[in-house]
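Results of the structural survey
Each chain, written out:
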Amino acid sequence: MPKCVLAFSGGLDTLVAISWLKERRNFDVIALAVDLGQGEDLEELGEIALRAGAVAARVEDLRESFYKDFIGPTLKALAHYEHGYLLSSALSRPLIARELVRVASEEGATHVAHGCSAKGNDQIRFEAAISALAPYLKIVAPLREWEYRNREQRIEYARAKKLPMPKSRVTGMNFGYDLNLWGQSIEIGMLEDTSRPPPEECYSLSVSPLYAPNQPEEIDIEFREGHPVGLNGRRMNPVPLIEKLNQMSGAHGIGRTDIIEDRLIGFKSREVYEAPAATTLYAAKRALEQMTLSRDSLQVREGLAVAYGRCVYNGQWYSDLREALDMFYERVNKNVTGTVSVRLYKGVATVFARQSEYSLYTVGAAAQREQIDNEAAE
Ligand code: ARG
């Protein structure tokens, strides 16, 4: 039987997809579950995939490469999409695609599959990345093909086939989440009513700024060439640093956004995000750049951050444009080294001090100029 590697999240759709690929399309399904910092028990996911009918389950911890190859470059660029989205979901797709391609080649699979629907951006990101890396692989998208139109029908299928479900997913409300180290995307049916606020229960990485502590927390973040390397005087690798910063910033209600976003395929959608660590790191790094980059570099980097964000959002990670932008940001970040002090308080990360050996700020320069201006005016 031909082999198909499926990107398995452990959610209902990819669970049903295992069984569907096996029964309807006669594939030997290899389930690939990756740890991108979503805090899920991956071993459990592997077992569930096998019980659902996969011939093999591969479980990979990709957190470090997620930072090194995807989050890091995007943070260097301070890339964003439409101001409210720091690209957590969009960044994970080219990494999962790269891993699908790698596992397919190891396992001798002819097909790869993803659990994206026909309405979202993620299908385009997966498929663009897979085609760029391995144009010979065939892509199957069960959700675009099968007859189960809604969640209820898929639940019914899962029950009829006695498919196992991870405990955390059976209970809870009908929210669609996509969570990783860099943040969380939240989709809820009721969010479509743009006149209503998101319900408080949909958030899980942050408290409401309204109920955040009355005491601010002041932290120091150290950067080296644009990468965060230390927190409160302690050297840390980026993954634990981001995990810690997610907790600290989330506890102060930082990083929530609620935007109307322009999807790739041409319509607007309501999107809610939580990105506590990312938001704090963006604020801190921006402040350090303002001190260490020339005015002209700052202006150009600003415009290109939008281009970078669009490139990530549009699924063009494996492109000449993204590589060229990375070269630009590599150079621009050469002197973005120093320490930034940030106050976390009631939903806002405020920079209140910064130091750098590459500072372009001249103490007294502004005062002197004022004096010269005054003299000239006399
Ligand atoms: N709108 C965001 C994006 O396009 C979030 C997508 C979230 N994906 C998901 N499968 N829930 O990047």
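Counting starts from 1 at the beginning of each chain's written sequence and moves along it residue by residue. The predicted nature of this model means local features are confined to residues of pLDDT at least 70 and side-chain atom pairs, given and counted, to a pLDDT of 80 or more, with totals for whole chains, interfaces and linings taken over all residues. Side-chain metrics rest on all non-hydrogen atoms present in the structure, leaving aside hydrogens and water.

**Description of the overall build of the chain**
- A run of DSSP states H or I qualifies as a helix once it reaches four residues; a run of E qualifies as a strand once it reaches two. Both are numbered from the N-terminal end. Check the secondary structure of the chain and you find 13 helices and 14 strands.
- To get the radius of gyration, use the C-alpha atoms; to get the globule rule, take the number of residues to the power 0.38 and multiply by 2.2 Å. Scaling as 2.2 N^0.38, a compact globule of 378 residues should have a C-alpha radius of gyration of about 21 Å, and the chain matches this with 23 Å.
- Dimensions along the principal axes, computed over C-alpha positions, put the chain at roughly 90 × 45 × 40 Å.
- Under the scheme applied here, a residue whose accessible area is under 20% of the maximum for its type counts as buried, over 50% as exposed, and between as partly exposed, the area being computed with a 1.4 Å probe on protein chains only. Taking all 378 residues of the chain together, the buried fraction comes to 50%.
- Averaging the coordinates of the 45 positive side-chain charges in the chain and doing the same for the 52 negative ones gives two points 3 Å apart. Two residue types count as positive, namely Lys and Arg, and two as negative, namely Asp and Glu; His and chain ends fall outside the count. In plain terms, the charge of a residue is placed at NZ if it is Lys, CZ if Arg, CG if Asp and CD if Glu.

**Here we look at the layout of surface pockets**
- A 1.4 Å probe that fits into a set of points on a 1 Å grid over the protein atoms alone but cannot get out defines a cavity; an open set with protein on both sides within 12 Å along at least five of seven lines defines a pocket, and lining residues are those with an atom within 4 Å of a point. Grid points are joined across faces, edges and corners, and a volume is the space filled by probe spheres set on the points. Space inside the second largest pocket adds up to approximately 250 Å³.
- As for the second largest pocket, its lining consists of 14 residues, of which His80, His83, Gly84, Leu86 and Tyr282 are closest to the centre.
- Of all elements in the fold, only strand 11 (256–262) and helix 10 (276–292) reach the threshold of two or more residues within the lining of the second largest pocket.

**Points about the site of the ligand**
- Not every one of the 14 residues close to the ligand is listed here, only the nearest: Tyr85, Asn121, Asp122, Arg125 and Glu261.
- Distance and chemistry together define a polar contact, namely a pair of N or O atoms within 3.5 Å, with one atom able to donate a hydrogen and the other to accept it when in protein, and with adjacent residues in sequence counting only for side-chain atoms on both sides. Asn121 is positioned with one of its side-chain polar atoms (N or O) 2.6 Å from an oxygen atom of the ligand.
- In this structure, a nitrogen atom belonging to the ligand sits 2.9 Å away from a side-chain N or O atom of Glu261.
- To be clear on the numbers: accessible area is Shrake-Rupley with a 1.4 Å probe, and residue cover counts the displayed protein chains and nothing else. Burial of the ligand by the protein amounts to 86% of the accessible area it has alone, namely 350 Å².
- Those elements that place two or more of their residues in the shell around the ligand are helix 4 (88–107), helix 5 (122–133), strand 7 (183–188) and strand 12 (268–274).
- For the shell around the ligand, the element with the highest residue contribution is helix 4, accounting for three residues.
- The class makeup of the residues in the shell around the ligand is four nonpolar, three polar and seven charged. Working definition: residue near molecule or strand if any one of its non-hydrogen atoms lies within 4 Å of it. Residue type decides the class: Asp, Glu, Lys and Arg count as charged, Ala, Val, Leu, Ile, Met, Phe, Trp, Tyr, Cys and Pro as nonpolar, and the leftover types, Gly among them, as polar.

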